[in-house]
Amino acid sequence: MPKTFEEINEKIRKGEAVVVTAEEIIGIVEKDGLKKAAKEVDVVTTATFGPMCSSGAMLNIGHTTPRMKISKAWLNNVPVYAGLAAVDFYLGATELSETDPGNTNYPGKFNYGGGHVIQDLIDKKDVELRAESYGTSEYPRKHLRSWMNINDINECVLVNFRNAYQNYNVAVNEGNETIYTYLGVLKPNLGNANYCSAGQLSPLLNDPYFKTIGIGTRIFLGGTQGYVFWNGSQHDPSGIKREGKTLKGGGGTLSVVGDMKQMSSKYIKAVSMLGYGVSLSVGIGVPIPILNEEILSHAAVRDEEILAPIVDYGHDYALNKPNRLGYTSYKQLKSGRIILKNKEVPTGSLSSYPKALEIAELLKKQIAKGEFLLTEKVQPLPAAESGYKFRLFSERSVKNGN
Amino acid sequence: METKKTVLLKFSKDVSNKPVMYGLTKHYDIVFNILKASIDLNKEGTLLVELRGQKENFDKALSYLKENKIHIESLKVKRDDEKCIQCGACVTLCPSGALFVSDRKTMSVDFDKEKCIGCEVCVAACPFRAMKISL
């Protein structure tokens, strides 16, 4: 007998909902079978914690006196985008401090950037604001330099354009020299393999066809409640078939939003990737309502059933070569080594499974205590049959005089 | 009793052309393992070495180094557990197995200080700057 959202929320309100993590549900389904488990379990909590570069903060600092239409601004010397209304601006997670030497002395260390400003704001630290304007009659002020913290300013909202990748490439390096990538340090000649997914705990791997996760879904975001507001950029629903190894590196993605003033740096942290740049590791938890057996069958997915493609970042990735060196399961990746080209390759992870587990447990407790109610999506994410595609840029040369 | 210590030796430019390390083995029976070296003749240099030997020889060996105007710093890599989120970006880079996944179910990452050789590979590679080098 299928359940409805309203029935599940009613149980949550009364503190009677049966909530388990995406790890716990595996054993329950193995023991009790799908039918019984679908009847008894109301919600499965999923989570992930890893670097998500398309993240950032929308700030409204409140009006100064006299008023100012900010056209350029910096926070702790990190430029923000101010091509918006007077005192609004967007701080991107991967923006570098203007004094960062980048990769001049390769590999660059990238000690401070947008992700670090975001963490400093969440930690309620003072940051230095510097702003410039050309001045207008109603916004005459041209310069501003001031300390500010998250409590001082009007609004501060995390608005992330692409988070929670469904799946991800396993990165290796077939070249002869160490390379420094967003998937970590890759040793030459298949010296190591780095992956980045919570596997069986990861939100979109537990709802591969977006049956419950969609626009309007309430989520755990960086320690508070946030929402899915769109599919993420580079959303690729065609990549999610599990059988037949058609899994692509990416798959579905989410755009998420939440109030940064309520967040905690326990669940969202700045990242400095050697030789690559700065970013932000975001903690996301998504509850999956067990409305029927089909939804449960997906939520009970195990690491051994989820495959990830192995890609050479020494050469192939940069040039968009479609080569895959093979596929491996998250169970194999988590064992510490994979076999590739007759070689034992040690594995490392960029995504934190312990943190994902912590978030899934926390979300479970919040739902069980009635503090977190589920929302029904108002619009589904584009699925494979919608024809929604991920595409490469088609370049057309620009000639002078044409 | 055998003692083991990882130290950073700083040579001034007038010492870098002397065979100081030879003396360690010849006179004090110290086994040394060079972990990292940056030495140029007639320039200042540093040598990260693991020293191993009998306790009484060991102390004499350190005095011998000091007599030869070599500045000795004991280095330790430490993990800031508040900053570490246990992702595992370091485990395949650590050459001595000091950073390792201690539980394959929870995938928690542990740091065994005893195994650390002070090579510092993890210090730059940790995305959260949780690994620190200190004296």
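Please refer to the structure placed before this passage.
Only a predicted model underlies this, so the values are computations on that prediction, with no experimental measurement involved.

(A) The overall build of chain A, seen in detail. Helix and strand content of chain A: 7 helices and 24 strands. The globule rule puts the C-alpha radius of gyration for 402 residues at 21 Å, and the 23 Å found for chain A is close to it. When the backbone C-alpha atoms are referred to their principal axes, chain A occupies close to 70 × 60 × 45 Å. A total of 402 residues make up chain A; the buried ones form 55% of that total. A separation threshold of at least 6 residues defines the contact pool for chain A, and within that pool the share at least 24 residues apart is 73%. Surface accessibility of chain A: about 17,700 Å² in total, with carbon and sulfur atoms responsible for 50%.

(B) Inspection of the interface of chain A and chain B at higher detail. Each partner contributes to the interface: chain A provides 31 residues, whereas chain B provides 21 residues. Taking both partners together, chain A and chain B bury about 1,900 Å²; carbon and sulfur atoms supply 59% of that area. The interface formed by chain A and chain B includes 1 salt bridge. With a closest N to O distance of 3.2 Å, Glu-23 of chain A and Lys-105 of chain B form a salt bridge. At the boundary of chain A with chain B, the tally comes to 11 residue pairs in polar contact (both at pLDDT 80 or more). Mapped by element, the contributors of at least two residues to the side of chain A that touches chain B are strand E13 (193–195), strand E18 (268–273), strand E23 (343–349) and helix H7 (353–368) of chain A. Looking at which element gives the most residues to the side of chain A that touches chain B, the answer is E18 of chain A, with 5 residues. Among the residues forming the side of chain A that touches chain B, the class breakdown is 13 nonpolar, 12 polar and 6 charged.

(C) Just the sheet that holds strand E4 (residues 70–74) of chain B, in detail. Residues and elements named next belong to chain B. Spatially, 4 strands are ordered E2-E3-E1-E4 in an open sheet, and the strand pairing comes out antiparallel. With partners counted over all chains shown, the strands left at the sheet margins are strand E2 (31–38) and E4, one partner each. The sheet shows a mean angle of 30° between the axes of neighbouring strands, direction not considered. Bridge count between strand E1 (residues 2–11) and strand E3 (residues 45–54): 10 bridges; the pairing is antiparallel. Bridge pairing in E3 places Lys-4 opposite Arg-52. Along the sheet, helix H1 (residues 20–28) contacts E1, E2, E3 and E4; its crossing angle with E3, the most-contacted strand, is approximately 0°.

Basis of the calculations
Residues numbered from 1 in each chain as written. Chains lettered and ligands numbered in written order. Predicted model: local features only at pLDDT ≥ 70, side-chain atom pairs only at ≥ 80, totals over all residues. Heavy atoms only, no water. Helix = DSSP H or I, 4+ residues; strand = E, 2+ residues; numbered from the N terminus. Rg over C-alpha atoms; globule rule 2.2 N^0.38 Å. Buried < 20%, exposed > 50% of the residue type's maximum accessible area, 1.4 Å probe, protein only. Contact = heavy atoms within 4.5 Å. Areas by Shrake-Rupley, 256 points an atom, 1.4 Å probe, with all protein chains shown as cover. Buried area = accessible area lost by both parts, 1.4 Å probe. Salt bridge = Lys/Arg side-chain N within 4 Å of Asp/Glu carboxyl O. Polar contact = N/O pair within 3.5 Å; in protein donor to acceptor, adjacent residues only side chain to side chain. Nonpolar A, V, L, I, M, F, W, Y, C, P; charged D, E, K, R; others polar. Pairing = 2+ DSSP bridges. Axes fitted to C-alpha atoms, helices over the stretch in contact; angles between N-to-C directions.

Taken by themselves, the reported measurements are silent on function.
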